[in-house]
Amino acid sequence: MVPGMGAEDSENSSFDPEVGGDDSSTDDETTQVDLASGSSDSEPDSTTSSTTESDEETSQSIEDMLLEFDEQEGLIRDRSLLDPNYVVEEDRIVGRDEQLQEVTKMLRVALGDNRPPNLFLYGPSGTGKSLITKAVCHNISRICETRDIQFGTIEVNCQDLDTLGVAVYELASQAADEAGVDIDVPKHGVATKEKWDELYRIVNENFDSVVFVLDELDMLVGRRDKQDPAFSRLLYQLSRAGANDELTAYISVVAISNDARMMESVGSRALSSFTPEDVHFDDYDANQLQSILRRRRDAFHDDVLDGDVIPLAAAFAAQTHGDARKAIDLMRVAGELAEREGDERVREEHVRAAQDKVEKNRVLEVVRGISTQKKLCLYATGAVAAETNNGTARSTTGYRVYQFLTDSIDADQYHQETYVNKMKELTTYSLVDFERRSHGPSSGMFLEFQFGERPETILETLREDSRIDMVSQEEVESVVNAQIRNET
C-alpha cells in the first residue's frame, strides 16, 4: 500500500451488489452546437549599456501598472451581474414562472405575521432554487419593513459544515448578522445545546418571523456513529422548536438540495414534524439559458459582445444539466480573459478558453476535497466513460477497472458495494449522475454513470495525484477497452 493511502469508514447500508441503493435519474440535455540567436562579442560594454537603458525605459512600477489599468475602461461594466449568487431583479429571472409563483404563494403568509409552511426545493445545480428563494425573501423583507414586521432570512450553505454543532453555530452567527447583534457563544468548546439556546435567544429577541434557508442540505451528513444524518436532526430540531415554545417567532424552513431523494434519508420523527411542500426545479434548456444571459448582457459595455458569444456559452452550459451558474460564470471568465489580453471585444475564442478554465477549476475544486479511495473510484469510472461511444460507464465495468488500479498501486480495495456507494456519493458534487439499467435478462441490473463534465478533464485533473499518476495511462486504456469488449 502506498504511504498515506488509507481506507475510509465502511458503509453500513443494505445493498444489491450489482446496483447499489436507491437510484435517481437525470434528463440529458443535447445541444446541436459544434463544441466540437547568440550575441556578438564586440563592444560588450555598449551593448550592456543599451540593454539597461532599454529595460529602464520599458519597465513600470506596480503603481504605474495599477493606475494604467484603472484608466482603461475595460469590457465589463457591472461585475455583480456576472455573480451567480447576486440577487437580481425579478425581470431578470427566466424560465421559472411556475416555481416563482409556488414559492411566493407559500411564503407570502409571512406578510400577515403568520407562519409560512416548510419547503423542500430540489433539482440539479444551477436551476434557480437559491435564486428564487432569495428573490422572494428579499421582497417579503422589503414589504414587512413597511408593516413594522421584523422579518429575517437566515441562510447557510451546508456544503462545508461537517457536524450538527457547527451548523447550529453558523445559523446563530447568520441570525446575529441579520439582526445586527453579537453572538455570545464560541464556535467550538461548548455543547451543541448551548448553541441552540443562543440561536433561539437571538431569533426571539429580534424577529417576528424567520425563514431558515438551508442550501445543499444533503451535504450535512455529520458523524457516522449517529443513527440519522445531521441534516435530519437539524430539520427535526428546527421544526419542533416552534411547537415546544423554544421559538416564539414564526419560522419556516426551506431545505434546498440537488438530490431529489434526500427526504428518503430523513428520519421518521423529523419527517413527521418537517412535512414540507415540494417544489421541483428542472433543467434549463439552451434557449432559456440564452435568455438568462441576454438579460445580464448589460453587465458589459455596449457593443463589446460578438453575436455568437451568448449562444455558445448557453450551449456549453446546456451540456451540463442546464446549469445557469455555469453559463453566467462562462460569460464572466470570457470577459475577464478578453480584458487581460487587451482585446476590444469578447469573442468566441474567449468563451472556448473560458469553458476549459471553468471546467478544470470546478473539477479541481471537487477533487481536492475528496479521499484517495473516491479518487480511485472516480478515475476508474471516468476512464471507462472516456472510451465508450456514448460517454457512459457501467458500474460493473468501472469496478473491474477500479480493482486493476488498486492492485497496481497496492492500495486497499473495497467491495463492489462500497465502490458503487462512493460513486453515488459523488453525485452530490454534480460531477456524475447515474441511471439503473439492464441490457437483457442475462446481463442483470447495473448502474450506468454519466458525467457532467468531459471525462477527459476529470482524468487529467485526477492524474495530478502522484499515486494515480504512477499507473501508466496507456495501460489503463488497454484494461478499459478489454473490459468494454467483455460487456458485449
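Residues numbered from 1 in each chain as written. Predicted model: local features only at pLDDT ≥ 70, side-chain atom pairs only at ≥ 80, totals over all residues. Heavy atoms only, no water.

> I'm lost on the overall build of the chain in this one. Help?
The helix and strand inventory of the chain stands at 18 helices and eight strands. A burial count over the chain gives 49% of its 488 residues as buried. Split by element, the accessible area of the chain, about 24100 Å² in all, is 42% carbon and sulfur. (Helix = DSSP H or I, 4+ residues; strand = E, 2+ residues; numbered from the N terminus. Buried < 20%, exposed > 50% of the residue type's maximum accessible area, 1.4 Å probe, protein only. Areas by Shrake-Rupley, 256 points an atom, 1.4 Å probe, with all protein chains shown as cover.)

> For this particular structure, what's the right way to read unusual backbone geometry?
For residues besides glycine, phi is generally negative; the peptide bonds are generally trans as well. Backbone geometry at Asp148 places phi at a positive 60°, although glycine is not the residue there. Positive phi, close to 55°, is recorded for Asp410, a residue that is not glycine. Looking at where Asp410 falls in the secondary structure, it is placed in the loop between helix H14 (395-408) and helix H15 (416-425). On the basis of relative accessibility, which here comes to 49%, the residue Asp410 falls in the partly exposed class.

> Would you mind showing me how to read the packing of aromatic side chains here?
For any pair of aromatic rings, the description rests on two quantities: the centre-to-centre distance and the angle between the ring planes. Taken as a whole and judged by the stated rule, the model has six aromatic pairs. By way of ring pairs, the aromatic residues Tyr399, Tyr402 and Tyr419 are connected into one cluster. The ring of Tyr284 carries Arg96 above its face, with NZ or CZ at 4.0 Å from the centroid. (Phe/Tyr/Trp six-rings, centres within 6.5 Å; stacked < 30°, edge-to-face > 60°. Lys NZ or Arg CZ within 6 Å of the ring centre and 35° of its normal.)

> So what exactly am I meant to see when it comes to the pattern of salt bridges here?
Where charged atoms from two side chains of opposite charge approach closely, those side chains can pair. Overall, the coordinates contain 22 salt bridges when judged by the stated rule. Residue Asp197 pairs with Lys193 through a salt bridge whose shortest N-O separation is 3.1 Å. Separated by four residues within a single helix, Asp197 and Lys193 lie in helix H6 (residues 192-206), roughly one turn from each other. Given the relative accessible area of 35%, Asp197 is considered partly exposed. Judged by relative accessible area, which is 57%, Lys193 ranks as exposed. (Salt bridge = Lys/Arg side-chain N within 4 Å of Asp/Glu carboxyl O.)

> Where do I start with the environment of Gln473 in this structure?
Note on placement: Gln473 falls in helix H18 (residues 473-487). Along the backbone, Gln473 and Ala383 are 90 residues apart, and their C-alpha atoms lie at a distance of 9.4 Å.

> Even after reading the chapter, I still don't get a negative patch on the surface, so can you show me in this structure?
A surface patch of negative charge is lined by Glu387, Glu456, Glu474 and Glu477. With respect to the helices and strands, Glu477 occurs in helix H18. (Patch = residues over 30% accessible without salt bridge, like charges linked within 9 Å, V, L, I, M, F, W, Y side chains within 5 Å. Lys, Arg positive; Asp, Glu negative; His and termini not counted. Charge placed at Lys NZ, Arg CZ, Asp CG, Glu CD.)

> Help me understand the nonpolar core in this model?
Side chains of nonpolar character tend, in soluble globular proteins, to be buried together. Membership of the largest hydrophobic core comes to 60 residues, with the highest contact counts inside it found for Leu289, Phe300 and Met331. Ranked by residues supplied to this core, first place goes to helix H11 (residues 324-340) with nine residues. Beyond its immediate chain neighbours, meaning those up to four positions away, Leu289 contacts Tyr284, Ala314, Ala317, Ala318, Gly322, Asp323, Ala324 and Ala327. Listed in part, the 41 residues of the second largest apolar core include Phe120, Val166, Leu247 and Val266. (Core = buried A, V, L, I, M, F, W, Y, C linked by side-chain atoms within 4.5 Å. Contact = heavy atoms within 4.5 Å.)

> Got a minute to help me understand the side chain of Asp465 in this structure?
As for its placement among the helices and strands, Asp465 is situated in the loop between helix H16 (455-462) and helix H17 (466-469). Classification of Asp465 as buried rests on a relative accessible area of 10%. In terms of polar contacts, Asp465 uses its side chain to reach the side chain of Lys375, at 3.2 Å. (Polar contact = N/O pair within 3.5 Å; in protein donor to acceptor, adjacent residues only side chain to side chain.)

> Quick question: what am I supposed to make of the packing of helix H5 (residues 164-179) against H6 here?
Axis separation between H5 and H6 bottoms out at 9 Å; the angle between their running directions is 20°. Judged on the interaxial angle alone, H6 and H5 are roughly parallel. Handedness of the H5/H6 crossing: left-handed. Residues Gly165, Val166, Val168, Tyr169, Leu171, Ala172, Ala175, Ala176 and Ala179 of H5 form the contact with H6, whose own contacting residues are Thr192, Lys195, Trp196, Leu199, Ile202, Val203 and Asn206. (Axes fitted to C-alpha atoms, helices over the stretch in contact; angles between N-to-C directions. Parallel < 35°, antiparallel > 145°, perpendicular 65-115°, else oblique. Left-handed = near helix turned anticlockwise from the far one by under 90°.)

> Sorry if this is basic, but what is going on with the packing of helix H9 (residues 286-294) against H11 here?
If you want to describe how two helices pack, look at the angle between their axes and the distance between the axes. With their axes 10 Å apart at the nearest point, H9 and H11 run at an angle of 45° to one another. Taken together, the axes of H9 and H11 lie oblique to each other. Classified by chirality, the crossing of H11 by H9 is right-handed. Only Ala324, Ala327, Ile328 and Met331 of H11 make contact with H9, whose side of the interface consists of Leu289, Ile292 and Leu293. Considering only residue class, the contact of H9 with H11 consists of seven nonpolar, no polar and no charged. (Nonpolar A, V, L, I, M, F, W, Y, C, P; charged D, E, K, R; others polar.)

> Which parts of the structure should I look at to understand the pairing of strand S1 (residues 119-122)?
Looking along a regular strand, one sees side chains alternate from face to face of the sheet. Alternating residues of S1 divide into Leu119 and Leu121 and Phe120 and Tyr122, and every residue in both groups is buried. Of the strand pairs in this sheet, S1 and strand S4 (residues 250-257) are connected by four bridges, and their pairing is parallel. Bridge assignment links Phe120 to a residue of S4, and that residue is Ala255. Where S1 meets strand S5 (residues 277-280), four bridges bridge the pair, whose relative direction is parallel. Residue pairing in the sheet places Phe120 in a bridge with Asp278 of S5. (Pairing = 2+ DSSP bridges.)

> Would you take a moment to explain the environment of Asp433 for this structure?
In this structure, Asp433 sits in strand S7 (residues 432-438). Through-space distance from the C-alpha of Asp433 to that of Phe451 is 6.3 Å; in sequence the pair is 18 residues apart.

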